[in-house]
Amino acid sequence: MSELSSILEAAVDDKRLARNPMRAKSVRWPKAPRERREAWSLETALRVRDVISPRNRIAVVLGLGCGLRQGEVFGLSPEDIDYAKGMLHVRRQVQAISGRLYSALPKGAKTRTVDMPSSVAEELNRHVEKFPPVEAELPWGRPGTDRPRRKFSLLLATRFGNATAVNTWNTYTWKPALAKAGVISPLPEGAKRWQWEAAPKDGFHVLRHTYASVMLEAGESVVTLARWLGHSSPTVTLGYYAHFMPEAGSKGRAVLDGLLGKQGDQYASRNSPDSPQG
């Protein structure tokens, strides 16, 4: 539904429609079913990280190491990195409608702060040293010559010094890396460079799911993870990722067994038939 709304919005910008009917108050968007998310193995994620082009390695690191969405990676600025506190400030994303780039607030129009592991900080330092940030100026909110423009530095840009277009990056950077890592089949002989088979479960977003799986399996708080992922509530996070918690229930059970079992022994010894208190 969001894709349809984006297409209609582009038609409004091109003066083909007077307004976007999907934005009318009478239109109620259906709620998407909360399907459980599937993650890669950590081995697969690291293999993709290591075979993707050096310039774009940092994108995989940020998706896997901090759970950033693809557009958030493309919109990340060096000013958003707090090395002293080990945090990333997610303040914008770069998106495209009909090939026209624009910047906007992250999904849900909410900025957030994400924990940054030291390994990610080290990768960021190496990336900035090898690929200096570039300045970009893009329309804000949606594409269009009438839109206000905002200027910021980009951590990840093309080799020509431009902001990264999602579809182009997926076709010419992401899919070749997946094929090289053995995640998807290579292009058939004679196929054009853009004629990849669809791989919906192996899009960039799978790195975010893998990040969530690693965090939950390590015992991270669902409340904390929801905040880092930018979810509206921990309930959303649980709805997507509860199956990544194989130990859910067992830790509490072990604590209760230890506590009640210990107390049970005490009461048994005190109130047993052989006890003076019996």
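Scroll up to find the structure.
Residues numbered from 1 in each chain as written. Predicted model: local features only at pLDDT ≥ 70, side-chain atom pairs only at ≥ 80, totals over all residues. Heavy atoms only, no water.

Caption draft 1: Expanded view of helix H2 (residues 42-51). Listed in full, the buried residues belonging to H2 are Thr 44, Ala 45 and Val 48. Taken down its axis, H2 places every buried residue within 100 degrees of arc, on the same side. Looking at the buried positions of H2, the neighbouring elements they touch are helix H3 (57-66), helix H6 (166-180) and helix H7 (205-217). (Buried < 20%, exposed > 50% of the residue type's maximum accessible area, 1.4 Å probe, protein only. Helix = DSSP H or I, 4+ residues; strand = E, 2+ residues; numbered from the N terminus. Arc of directions from axis to C-beta. Contact = heavy atoms within 4.5 Å.)

Caption draft 2: Just the packing of H2 against H3, in detail. The N-to-C vectors of H2 and H3 enclose an angle of 155 degrees; their axes lie 8 Å apart at closest approach. Taken together, the axes of H2 and H3 are roughly antiparallel relative to one another. Contacts from Leu 42, Ala 45, Leu 46, Arg 49 and Asp 50 in H2 reach Arg 57, Val 60, Val 61 and Leu 64 in H3. Looking at the contact of H2 with H3 residue by residue, the classes come out as 6 nonpolar, no polar and 3 charged. (Axes fitted to C-alpha atoms, helices over the stretch in contact; angles between N-to-C directions. Parallel < 35°, antiparallel > 145°, perpendicular 65-115°, else oblique. Nonpolar A, V, L, I, M, F, W, Y, C, P; charged D, E, K, R; others polar.)

Caption draft 3: Expanded view of the nonpolar core. With 56 residues, the main nonpolar core has Leu 62, Leu 88, Leu 124 and Trp 174 as its most contacted residues. Considering every element that reaches this core, the biggest residue donor is H3, with 7 residues. When sequence neighbours within four positions are dropped, the list of residues in contact with Leu 124 reads Ile 58, Leu 62, Ile 81, Tyr 83, Leu 88, Met 116 and Leu 155. (Core = buried A, V, L, I, M, F, W, Y, C linked by side-chain atoms within 4.5 Å.)

Caption draft 4: Looking closely at the side chain of Arg 69. Structurally, the position occupied by Arg 69 is in the loop between H3 and helix H4 (70-74). Separated by 2.8 Å, the side chains of Arg 69 and Glu 72 make a polar contact. Apart from the residues within four sequence positions on either side, Arg 69 is in contact with Lys 107, Arg 112, Phe 204, His 205, Arg 208, Leu 229 and Gly 230. (Polar contact = N/O pair within 3.5 Å; in protein donor to acceptor, adjacent residues only side chain to side chain.)

Caption draft 5: Focus on the environment of Pro 106. Structurally, the position occupied by Pro 106 is in the loop between strand E4 (100-104) and strand E5 (112-115). On the accessibility criterion, Pro 106 (2% relative accessible area) is buried. For the pair formed by Pro 106 and Arg 92, sequence separation is 14 residues and the distance between their alpha carbons is 5.1 Å. Setting aside its immediate chain neighbours within four residues, Pro 106 contacts Glu 72, Val 90, Arg 91, Arg 92, Gln 93, Thr 111 and Arg 112.

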